[in-house]
Amino acid sequence: MTDYLGKLLTFFDRKTKRQLGWIFILMIFGAALDAFSISLVFPLLQLAVDPNAMARMPAIGAVIDHMGLRDPNQILLVFGIAILAFYVVKNVLLLAIIYIQNRFIFLRQVDFSRQLLGQYLNRPYAAHMEQNSAEILRNVMITTAQVYRSGVTGLMTMAMESMMVAGAMIVL
């Protein structure tokens, strides 16, 4: 796996590796949000089962006292709406992270295809006579897309999902 990652990183220049680092930080942030969202379900369930459980949750109790809520059903409703709002915001942020990842991958794919095509076009005329143009197009368009789709996208998806599973296991 590390050999594969090492080979994959040779495709990227210094600027691109720095961008990959920022994307990795965003992935960690997304995994932390996911783990935190899982941890919010337990207090909600505890309040649903035992409305007096709020006394054992000082942070939630302080917010509820500040809002002036006394009815357990109102408290449960407000807490449920707050968790729902957090889930919506979290999913919008995760969507943005996935968009940034995909934009990065596809822009790198375009750059690599452009460089590869430039290498082919700068070869001597005799080399073009020996190689089929369909093979060149396949290498530039299809093979490059396959490498990025299976290699880079798969690796980034696996890393993000692994972080989310690790975060969930820590919370649970």
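Okay, so let's go over this structure. (Residues numbered from 1 in each chain as written. Predicted model: local features only at pLDDT ≥ 70, side-chain atom pairs only at ≥ 80, totals over all residues. Heavy atoms only, no water.)

The next thing to look at is the overall build of the protein. Helix and strand counts for the protein come out as six helices and zero strands. Going from the N terminus to the C terminus, the protein shows its helices and strands as α-α-α-α-α-α. Whereas a compact globule of 172 residues would reach a radius of gyration of roughly 16 Å, the protein reaches 25 Å, over 25% beyond that. Projected onto its principal axes, the C-alpha coordinates of the protein cover approximately 85 × 25 × 25 Å. For the protein, buried positions account for 31% of its 172 residues. In the protein, the proportion of contacts linking residues at least 24 apart, taken out of those at least 6 apart, comes to 74%. On the protein, roughly 11,500 Å² of surface is accessible, and the fraction owed to carbon and sulfur atoms is 69%. A distance of 9 Å separates the average location of the 14 positive side-chain charges in the protein from that of its 10 negative side-chain charges. (Helix = DSSP H or I, 4+ residues; strand = E, 2+ residues; numbered from the N terminus. Rg over C-alpha atoms; globule rule 2.2 N^0.38 Å. Buried < 20%, exposed > 50% of the residue type's maximum accessible area, 1.4 Å probe, protein only. Contact = heavy atoms within 4.5 Å. Areas by Shrake-Rupley, 256 points an atom, 1.4 Å probe, with all protein chains shown as cover. Lys, Arg positive; Asp, Glu negative; His and termini not counted. Charge placed at Lys NZ, Arg CZ, Asp CG, Glu CD.)

Once that is clear, we can look at the pattern of salt bridges. Applying the stated criterion to the full structure yields three salt bridges. Here aspartate 34 and lysine 90 are joined by a salt bridge, their closest N and O atoms 3.0 Å apart. Pair noted here: aspartate 34 is in helix 2 (residues 14-49) and lysine 90 is in helix 4 (residues 72-121), with a separation of 56 residues, a long-range link. For the pair shown, aspartate 34 and lysine 90 are each scored as buried. Residues arginine 114 and aspartate 111 are paired through a salt bridge, measuring 3.8 Å at the closest nitrogen-oxygen approach. Note that arginine 114 and aspartate 111 are positioned in helix 4 at a spacing of three residues, about one turn of the helix. Since its relative accessible area comes to 57%, arginine 114 is described here as exposed. (Salt bridge = Lys/Arg side-chain N within 4 Å of Asp/Glu carboxyl O.)

Tallied over the full model, the rule gives one aromatic pair. Here the aromatic rings of phenylalanine 36 and phenylalanine 86 are separated by 5.3 Å at their centres, their planes lie at 80°, and the arrangement is edge-to-face. With phenylalanine 36 in helix 2 and phenylalanine 86 in helix 4, the pair connects residues that are 50 residues apart, well separated along the chain. (Phe/Tyr/Trp six-rings, centres within 6.5 Å; stacked < 30°, edge-to-face > 60°.)

Next up on the list: the packing of helix 2 against helix 4. Interhelical geometry of helix 2 versus helix 4 gives an angle of 160° and a closest axis separation of 10 Å. Comparing the axis directions of helix 2 and helix 4 gives the class roughly antiparallel. When you trace helix 2 past helix 4, the crossing you get is left-handed. (Axes fitted to C-alpha atoms, helices over the stretch in contact; angles between N-to-C directions. Parallel < 35°, antiparallel > 145°, perpendicular 65-115°, else oblique. Left-handed = near helix turned anticlockwise from the far one by under 90°.)

What is shown is where atoms sit, not what they do.
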